[in-house]
Amino acid sequence: MKNKKWLGFIVLFALFMGLALPHQASAASSSPFLTSLDPSDSTGYYTDWNDEAFKDSAGKNVSNGFGLKTYSAGDESYVSYDVEGQNYTHIQGKVTLDSRYLQGDYGKTAVGFYADDRLVYEKQMNRTSSSQSYDVALPKNTKTFSIVIMQLDGSKGTHLVVIQDAKFIKTGSFLNIADTQYHSALSIGSSDSEYYYITGDTKTFRDINGNIITKGFQLHSYDSGSAYAAYNVNDTGYNVFETSVSLDSNNVTGDYGKTVVGIYADSYLLYEKELSSKTPVQQVKVNIPKNTSQIKIVAQQLKGAKGTHSVTFNQPVFKTVGSSFVSVPYTTSPQSIGADDSYMLLEDEPTSSDYVTHYANGSLGSSSILLKGITYDPSYAQYNISDTDVNVFKAKLSLDYESVQGDHGSSVVKIFADNKQIFAKTIKKSTNIENLALQIPARTKYFKITVDSKAGAKGTQNILFGNPVFQKLPASGKLSSSRISVENNYNKDDIVTVRSITKGDVIKVYNSKGTLLATSKPATTNYTKVAIKQLGTGKGTILVSRISPNKAESATVSASFAAEPAVSSSVSAQQTTIVNNKGKNDTITVKSLTKGDKVKVYDAKGTLIATSGAAAKDSVVISVKQLGTGKGTVYLTRLTPNKLESGKTAVSYAAEPVTSSSLSASRVTIENNRNKDDVITVKSLYTGDVVKVYNSQNKLIATSKPATTYYVKISVKQLGKNKGNVLLTRTSSKKLESTKISVPFKAE
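Remember, it's a predicted structure, so these values are computed and weren't measured experimentally.

**Student:** I'm lost on the overall build of the protein in this one. Help?
**Tutor:** Secondary structure summary: the protein contains 4 helices and 57 strands in total. Taking 27 Å as the expected radius of gyration for a compact globule of 748 residues, we find that the protein reaches 37 Å, considerably beyond that expectation. The dimensions of the protein, computed from C-alpha atoms along their principal axes, are 125 × 80 × 40 Å. By the burial criterion, 46% of the 748 residues in the protein qualify as buried. For the protein, restricting intrachain contacts to residue pairs at least 6 apart in sequence, the fraction spanning at least 24 positions comes to 73%. The positive charge centre, built from 85 side chains, and the negative charge centre, built from 64, are 9 Å apart in the protein.

Structural data, given as structure tokens:
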């Protein structure tokens with residue numbers, strides 16, 4: 001089988017032999033065939049097949065195409081093209097299966113076309129699939145176009161996919177999209193995971209209908225427990241997550257237990273769904289709340305006789321649609337806070353599992369805490385919530401499913417805020433699941449749950465609190481320090497920015513001793529900025545509170561600030577070299593820098609005209625389109641990481657070099673000699689002038705040494721027997737080469 005290296009050899013050989021290569025013309029056109037382009041990346045990609053042409057599903061030879069094929073289960077075959085800046089609006093062509101891999105069981109194949117991370121075309125194919133034509137619109141500003149295939153092998157192997165007559169088009173309209181960001185969860189990468197598998201890694205994934213997933217991931221715990229994937233989204237701007245969720249059709253026939261899927265924004269539950277063999281593919285789209293740090297996707301699984309399900313997530317993407325975010329109450333879970341004292345407590349977060357949340361009615365939950373009943377002492381869990389300012393506790397109170405299988409006695413559940421009891425209930429086998437929403441008194445430090453059990457014939461009960469959360473509901477909510485940023489500025493007002501507030505909120509800022517420093521005007525958007533004359537040059541702490549309309553002032557929250565940043569050292573003129581070029585970009589070179597430094601260039605009017613990249617070592621080179629033909633001055637500053645921009649340094653530059661004077665043909669004598677070197681004599685020169693000689697085809701054939709007198713003699717091996725012309729130029733010291741003059745010479 002031929003690979004791309006073999007194709008490269010063929011290309012070089014053809015060029016050497018002076019042969020015309022197929023498709024070269026289309027490569028330069030506005031509608032190039034993919035076969036004329038070099039892939040930026042590929043695997044399982046072929047330009048021919050065993051020295052033979054590809055064939056379509058009808059057995060006809062394909063004159064313009066390439067192949068894609070995998071060999072091992074779960075492998076991915078793909079080819080990618082760098083199309084940034086090409087403005088391709090469409091891709092057209094055909095996709096087919098090579099007829100030589102259709103007779104017998106070659107499994108199934110899925111073909112996906114991706115514009116960056118966006119799926120723009122997908123086709124499920126099998127032995128009965130005929131050639132498929134496509135004309136697919138692409139989004140504007142696509143950087144990478146990829147064709148991906150995933151395959152299920154049959155008893156005879158896998159299909160050979162042929163991409164036929166595929167070409168990019170620049171006419172027509174781009175794909176209309178509403179989002180400004182669109183990134184696959186696979187591209188972002190999971191920050192934490194367990195029993196998490198991605199396409200192209202282990203095996204080929206399918207949905208409940210048997211369709212192959214070309215890009216996605218799978219959660220499969222293999223035993224009772226949880227599988228999960230977490231993604232950091234802090235400061236990304238994503239406000240939507242969407243995917244298709246389904247059980248893999250490979251393991252739904254027979255008893256594979258139960259599975260529930262939950263999606264969390266930090267501790268806030270966005271989505272929960274129990275899946276079974278009869279659950280169709282679920283199209284899931286959730287809004288990501290503002291200031292979410294992490295999206296967690298969890299599959300809680302209860303093992304059946306044949307194992308556990310595989311849960312597939314097809315085309316999981318994070319998007320930015322518009323600029324708004326949903327607002328949700330401040331939410332944190334008991335698991336996130338962590339019990340500071342407990343006995344017989346089991347905690348299940350959306351990222352780990354010691355057991356499965358299995359309610360009394362047999363349904364599953366994606367997160368819970370459980371207190372095991374014992375007869376000789378109450379079990380309990382205590383949480384220090386003094387730093388949270390929450391005022392509500394929510395949960396689904398239920399017996400664990402095992403506790404309703406036979407006689408497990410009864411339990412009394414009590415909940416305390418410090419020493420004040422705020423809830424009590426006797427739980428029996430017949431007790432229904434109850435949705436708790438308990439108010440927590442202000443300034444509560446310890447939140448405590450106790451379970452006092454009486455045993456039955458089969459032991460004691462286990463008490464579940466499903467999806468337990470603490471929330472801060474209306475009243476002036478305590479601000480979160482993570483939503484407060486403090487700019488301790490140099491030589492100007494310091495700024496306190498408070499985000500995620502409500503229109504009309506007023507922010508108060510106190511120093512660490514409680515003295516009021518500033519009060520904002522009512523917020524007109526979801527954030528406000530408070531100016532303070534000076535917090536001080538060093539680092540420190542402030543206290544910030546909120547007053548919402550018709551509500552009392554919240555408790556203060558502490559926010560630290562850094563010391564005022566130092567100012568970067570100025571650039572000196574001695575470490576700067578400016579070349580004012582003629583007919584090309586001018587260059588500014590700055591040396592003696594520190595790695596990471598950036599240099600900014602301003603013109604004489606103070607307008608920024610260029611910024612360097614970060615210095616890789618100790619210098620940068622900056623390209624400027626044109627400083628001007630005459631001499632002048634620019635102003636340079638240095639920006640060192642974590643420091644302020646330096647003051648400006650004036651650096652002068654010379655005018656562009658002038659062009660040397662052209663030679664005069666009357667001052668040139670050419671001797672076209674027989675059987676010895678020809679001689680060209682050029683007079684009326686200046687000391688240091690260099691003369692260059694070109695033949696009539698503009699090829700340089702001789703260059704003189706710098707003139708030491710008023711003339712030079714240039715020896716040329718042979719100008720030719722017949723008369724002709726040469727072209728001559730002059731290059732004077734510190735000047736550009738002159739224009740060419742034509743000088744005739746006689747035959748030998």
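The rest of the description comes next.
**Student:** Hey, could you run me through the pattern of salt bridges in this one?
**Tutor:** For side chains bearing opposite charge, pairing can occur when the charged atoms are close. Inspection of every chain in the model, using the stated rule, returns 10 salt bridges. Close ionic contact of Arg-206 with Asp-248 constitutes a salt bridge, the shortest N to O distance being 3.8 Å. Pair noted here: Arg-206 is in the loop between strand 15 (196-198) and strand 16 (216-219) and Asp-248 is in the loop between strand 18 (240-247) and strand 19 (258-265), with a separation of 42 residues, a long-range link. According to the relative accessible area criterion, Asp-248 is buried, its value standing at 2%. A salt bridge links Glu-242 to Lys-319; the shortest N-O distance between them is 3.3 Å. Residue Glu-242 is located in strand 18, and its partner Lys-319 is located in strand 23 (residues 311-321); the two are separated by 77 residues in the primary sequence.

**Student:** I tried to follow the environment of Tyr-510 on my own but got confused; where do I start?
**Tutor:** Positionally, Tyr-510 belongs in strand 39 (residues 506-511). For Tyr-510, a relative accessible area of 14% puts it in the buried group. Along the primary structure Tyr-510 and Val-356 are separated by 154 residues, whereas in three dimensions their C-alpha atoms are 47 Å apart.

**Student:** Got a minute to help me understand the pairing of strand 44 (residues 576-579) in this structure?
**Tutor:** Every regular strand shows the same layout, with side chains that alternate between the two sheet faces. Taking every second residue as pointing to the same face, the buried face of strand 44 carries Thr-576 and Ile-578, while none of Thr-577 and Val-579 on the other face is buried. The pairing of strand 44 with strand 45 (residues 586-590) spans 4 bridges and is antiparallel. The residue of strand 45 that forms the bridge with Thr-577 is Thr-589. Following strand 44, the chain reverses through 6 residues before pairing antiparallel with strand 45; Gly-583 in that reversal takes a positive phi of roughly 80°.

**Student:** Looking at this model, I keep getting lost on the sheet that holds strand 40 (residues 516-519). Mind explaining?
**Tutor:** Adjacent strands of a sheet pair through backbone hydrogen bonds, lying either parallel or antiparallel. If you trace the 4 strands from one edge of the open sheet to the other, you get 40-39-42-43, paired in antiparallel fashion. Either end of the sheet is taken by a strand with one partner, and the two such strands are strand 40 and strand 43 (557-561). When strand polarity is set aside, the average angle formed by the axes of neighbouring strands in this sheet is 30°.

What counts and what doesn't
- Residues numbered from 1 in each chain as written.
- Predicted model: local features only at pLDDT ≥ 70, side-chain atom pairs only at ≥ 80, totals over all residues.
- Heavy atoms only, no water.
- Helix = DSSP H or I, 4+ residues; strand = E, 2+ residues; numbered from the N terminus.
- Rg over C-alpha atoms; globule rule 2.2 N^0.38 Å.
- Buried < 20%, exposed > 50% of the residue type's maximum accessible area, 1.4 Å probe, protein only.
- Contact = heavy atoms within 4.5 Å.
- Lys, Arg positive; Asp, Glu negative; His and termini not counted.
- Charge placed at Lys NZ, Arg CZ, Asp CG, Glu CD.
- Salt bridge = Lys/Arg side-chain N within 4 Å of Asp/Glu carboxyl O.
- Pairing = 2+ DSSP bridges.
- Axes fitted to C-alpha atoms, helices over the stretch in contact; angles between N-to-C directions.

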